Amino acid sequence: MNHSLPSSRIDVSDAVGTPETRLLREARERVDAQMGFLGHLMVFLAVNAGLFLLSGLQQSYWSFFPLWGWGLGLAIHGLATLAKLRGPNLRQQLMARELARLRGEQRQA
């Protein structure tokens, strides 16, 4: 049984590979994020259109409940995708800021 603490993963992708390799990796990650959101959107539209038709046939229109719930999830997915696509990776920005803060604390100690 391993009782060690989980190690923190530090993104070193910027430190390895050629500039072209880094650009290809970043482009792949960004396209994967976009395709993931578009896939989610297509399923959302198809399923909710079917639910809307089914509830319309029953003349009860209960399909608005799953539409709102799933729509909230889709909106959150969209915001997460936008955050990933906004310039340099937000995670990398936060990591750089935290490293700078910790280095400043080390110098003062």
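As a reminder, the structure under discussion sits directly above these lines.
This write-up is about the structure you can find in this document. (Residues numbered from 1 in each chain as written. Predicted model: local features only at pLDDT ≥ 70, side-chain atom pairs only at ≥ 80, totals over all residues. Heavy atoms only, no water.)

## Concerning the packing of aromatic side chains
Operational definition: By convention, a stacked pair of Phe, Tyr or Trp rings (six-membered ring in the case of Trp) has centres within 6.5 Å and planes under 30 degrees apart, an edge-to-face pair has planes over 60 apart, and any other such pair is tilted. Going along the chain from the N terminus, every DSSP run of H or I of four or more residues is numbered as a helix, and every run of E of two or more is numbered as a strand.
Taken as a whole and judged by the stated rule, the model has three aromatic pairs. On the numbers, 5.8 Å between centres and 45° between planes, the contact of Phe 52 with Tyr 61 is tilted. For the ring pair Phe 52 and Phe 64, a centre distance of 6.0 Å and an interplane angle of 75° mean the geometry is edge-to-face. Highlighted residues: Phe 52 in helix 1 (residues 19-57) and Phe 64 in helix 2 (residues 64-85), separated in sequence by twelve residues. Through pairs of rings, three or more aromatic residues link up here, namely Phe 52, Tyr 61 and Phe 64.

## Looking at the environment of Ala 75
Looking at the element boundaries, Ala 75 is found in helix 2. Each C-alpha atom of the pair Ala 75 and Leu 41 lies 9.7 Å from the other, and the pair is 34 residues apart in sequence.

Nothing here speaks to function; it is all geometry.
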